[in-house]
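Summary of the model geometry
Listed below are the residues making up each chain.
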Amino acid sequence: MKPETMATPFDLLLHNVRIAACADDTCAVSAPGFVAIREGRIARVGTMDEVAAGTTARAERDGGGALLTPGLIDCHTHLVYAGHRAREFELRLQGASYEAISRAGGGIRATVRETRAADDATLFAQSACRLQSLMRHGVTTVEIKSGYGLSLDAELKCLKVARELGRRFAVDVRTTLLAAHALPPEYDGRPDDYIAEIAQRILPEAVRLGLADAVDAFCETIGFTPAQVRRVFEAARAHGLPVKLHAEQLSNQHGAALAAEFDALSADHLEHVDEAGVAALARAGTVAVLLPGAYYFLRDTTPPPIELFRRHRVPMAIATDCNPGTSPTTHLPLMLNMACTLFRLTPAEALLGATCHAAQALGLQASHGSIEVGKQADLCLWDAEAPAELAYAVGASPLRARLHHGVEQPLQ
Ligand code: NIG
Ligand code: FE
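Here we summarise the structure given alongside this text. Going along each chain's sequence as written, the residues are numbered from 1 onward. Chains and ligands are labelled sequentially in the order written, the chains with letters from A and the ligands with numbers from 1. Given that the model is predicted, a residue must reach a pLDDT of at least 70 before its local features are reported, and side-chain atom pairs must reach 80 or more before they are shown or counted; all residues, however, enter totals for whole chains, interfaces and linings. Computation of side-chain values covers all heavy atoms of the structure but excludes hydrogens and water.

One non-glycine residue with positive phi stands out, namely N16, at about 60 degrees. Numbering of helices and strands runs from the N terminus; a helix is a DSSP stretch of H or I covering at least four residues, while a strand is a stretch of E covering at least two. Looking at the element boundaries, N16 is found in strand 1 (residues 10-19). Residues other than glycine seldom take positive phi values, yet R313 does so here, at roughly 60 degrees.

This is how it looks when you write it as structure tokens:
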């Protein structure tokens, strides 16, 4: 045994696992080996020979030869909201478009009404169900946006619920202020006044209370113009917060270039982005977050330009976009499947998209998203031999164990 391991033993030795580290942009799988954990972090990664030679820890866990990946990261959700929109689903199946429903006062505004009316406990309970479902499918870090409050009090209420979820459950929560999600009814005809309210009151107050890790906006004909988004981004920059953007989901508003100009962590959706937008993302190091659940649920027919992302070396992340209007799902592995079947990603690209690239989309690449010494010990053990099996399974996630900060969590 090496002297340093005798001095400070590992807390846990997870051995007999085949490791897909998801570092260096590859999902290559190792021969059976081990991960040693100390104080919630990965302290050593090695081979079974080293275990045989006497590497020990306070506790040991035999992984049975199963596949070990980083814990999954869902880098784009709107999971704090009240109610549902199943009636709109029926209307869309009868031919109504998402935009038409939105313009008629449904869509995001319908959920805003229910979210504003919900008390904290109700909002927490409904959101917690969705979070627990995400965790059952292997998620160890989740981004949660506000955006169904659209007033100072209601946006803060949603962000507080998101923070509380992070305290109460074994999952890391990153919060994003998305006050520029839709125009609240009290600002009808006065979008610039609402943008001023966000820039001068909502955003500074969210920052003051430590409730937001990033700022997002919906740049679209039914959302906000690039000029309005720019004002929100300038306020974010003034307060030291990184930005993200819902860009080019339904039309090309040149939001990707705007996001890149502000060194955005990510630009999300991107079905209608053009090559100039993709090149701008590449120059800025901005991640393209792809949301196949929304594409599927809206029965969209224009997929994001995957080949352009590959050619320009824009990292691609995959997320659920969990929300009541366009992607009512909490199943991240199913999104990996859809990214492959609908967007033609390879299963390896899909897994990198829910691990290391998702970490990058949250600015967490130094601590999350891969199995490397020094990173947080957030890990998933799967009943699978190859990473491709995670994307292959339609609606089943072969999760055997989930570790958060080095501690195995009950799968519920
Ligand atoms: O990411 N694009 C805007 N926001 C959500 C949809 C929200 C809703 O319809 O409630 C999205 O798809
Ligand atoms: Fe979204």
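Taken together, 15 residues form the shell around ligand 1, and within it R85, Y98, Y148, H181 and T326 come nearest. Distance and chemistry together define a polar contact, namely a pair of N or O atoms within 3.5 Å, with one atom able to donate a hydrogen and the other to accept it when in protein, and with adjacent residues in sequence counting only for side-chain atoms on both sides. With respect to ligand 1, the side chain of Q249 contributes an N or O atom lying 2.9 Å from a nitrogen atom. In the model, an oxygen atom of ligand 1 is placed 3.1 Å from a nitrogen or oxygen of the H269 side chain. Contact with the protein chains hides 100% of the accessible area of ligand 1, taken as 330 Å² for the molecule alone. Basically, the charged four are Asp, Glu, Lys and Arg, the nonpolar ten are Ala, Val, Leu, Ile, Met, Phe, Trp, Tyr, Cys and Pro, and anything else, Gly included, counts as polar. Taken together, the residues that form the shell around ligand 1 break down as four nonpolar, nine polar and two charged. Think of it this way: one heavy atom of a residue within 4 Å of a molecule or strand is enough to make that residue near it. Methods summary: accessible areas were calculated by the Shrake-Rupley approach with a probe of 1.4 Å, and residue burial reflects only the protein chains presented.

Along the chain, T69 falls in strand 5 (residues 67-70). A distance of 2.8 Å separates a polar atom in the side chain of T69 from a polar atom in the side chain of W382. Residues within four places of T69 in sequence aside, it is in contact with A20, L351, I371, D378, L379, C380, W382 and L390. Contacts were defined at the residue level, with two residues in contact if any of their heavy atoms lie within 4.5 Å.

Closest axis-to-axis distance for the helix 6 (residues 120-136)/helix 7 (residues 152-168) pair is 10 Å, and the angle between their directions is 50 degrees. Relative to helix 7, the element helix 6 lies oblique. Crossing geometry of helix 6 relative to helix 7 is assigned as right-handed. Where helix 6 abuts helix 7, its residues D120, L123, F124, S127, A128 and L131 lie against K157, C158, V161, E164, L165 and R168. For the contact of helix 6 with helix 7, the per-class residue count stands at seven nonpolar, one polar and four charged. Where helices are involved, their axes are fitted lines through C-alpha atoms of the stretch in contact, as for all axes, and angles between N-to-C directions lie from 0 to 180°. Working definition: roughly parallel below 35 degrees, roughly antiparallel above 145 degrees, roughly perpendicular at 65 to 115 degrees, and oblique for all remaining angles. Take the far helix as the reference: if the near one is turned anticlockwise from it by less than a right angle, the crossing is left-handed, and if turned clockwise, right-handed.

Read these as geometric descriptors, not functional statements.
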